[in-house]
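# What the coordinates show
Take a look at the letters that make up each chain.
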Amino acid sequence: MSLYSEYILEREGYNTYEDDVSFFTYIKVDDALYVRDIYVSPEARGEKKSLELGELAECIAREFNCKAMIGSIDTETNGWKRNKKILEKFGYKETYTDGDMIYFNKDLV
Ligand SMILES: CC(C)(COP(=O)(O)OP(=O)(O)OC[C@H]1O[C@@H](n2cnc3c(N)ncnc32)[C@H](O)[C@@H]1OP(=O)(O)O)[C@@H](O)C(=O)NCCC(=O)NCCS
């Protein structure tokens, strides 16, 4: 586990999945799994890695008996419009906004 992963687990309670070219952070919130950060290194982009990560996050959610996924977009960050499209493409629906944040939900069937 990277030092930063250890840090956010200790400080904020977020777990991290990480491999050589990507990572995502997640936390269980009631009966949903909230995936906060996703990163694919530039050399590995455009090869559907983010889709693979999304599917892996859903597997983790099912192991935790979650009924839904939560995603979010911070409209103050670079590329947020692209990221919003990616979430929607993966079946996430916008649920509410809170300041700069937009939250999304996807029911697990
Ligand atoms: C967002 C990110 C995770 C996408 O990863 P990726 O593995 O390259 O994405 P994929 O190959 O799975 O592509 C998913 C879809 O998004 C589109 N997409 C991916 N990167 C894109 C880009 N830079 N510009 C436009 N569209 C893009 C792809 O075309 C694809 O859609 P398609 O199936 O219709 O072609 C990656 O670009 C990244 O890490 N960005 C920096 C960090 C970030 O913004 N994280 C998300 C918010 S926390």
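Preceding block: the structure.
A brief structural summary.

So, how was this worked out
Residues numbered from 1 in each chain as written. Predicted model: local features only at pLDDT ≥ 70, side-chain atom pairs only at ≥ 80, totals over all residues. Core = buried A, V, L, I, M, F, W, Y, C linked by C-beta atoms within 7 Å. Buried ≥ 20, exposed ≤ 12 C-beta atoms within 10 Å, placed from the backbone. Helix = DSSP H or I, 4+ residues; strand = E, 2+ residues; numbered from the N terminus. Contact = placed C-beta atoms within 7 Å. Pairing = 2+ DSSP bridges. Axes fitted to C-alpha atoms, helices over the stretch in contact; angles between N-to-C directions.

By size, the foremost hydrophobic cluster in this structure holds 16 residues, and its most contacted members are F24, Y26, L33, V35, A57 and M69. Broken down by secondary-structure element, the contributors of at least two residues to this core are β2 (22-29), β3 (32-40), α2 (49-63) and β4 (68-74). Here the element with the most residues in this core is β3; it accounts for four residues. The contacts of A57, once residues within four sequence positions are left out, are F24, Y26, L33, V35 and M69.

Attention now goes to the sheet that holds strand β1 (residues 15-18). Spatial ordering of the open sheet is given by β1-β2-β3-β4-β6-β5, a layout of six strands whose pairing is mixed. A single partner strand is all that each edge strand has here, and the edge strands are β1 and β5 (93-98). Here the strands of the sheet are splayed against their neighbours by 30 degrees on average, with no regard to which way each runs. Helix α3 (residues 80-89) rests against β4 and β6 (101-107) of the sheet, and its axis sits at about 165 degrees to β4.

Just distances and angles here, no functional claims.
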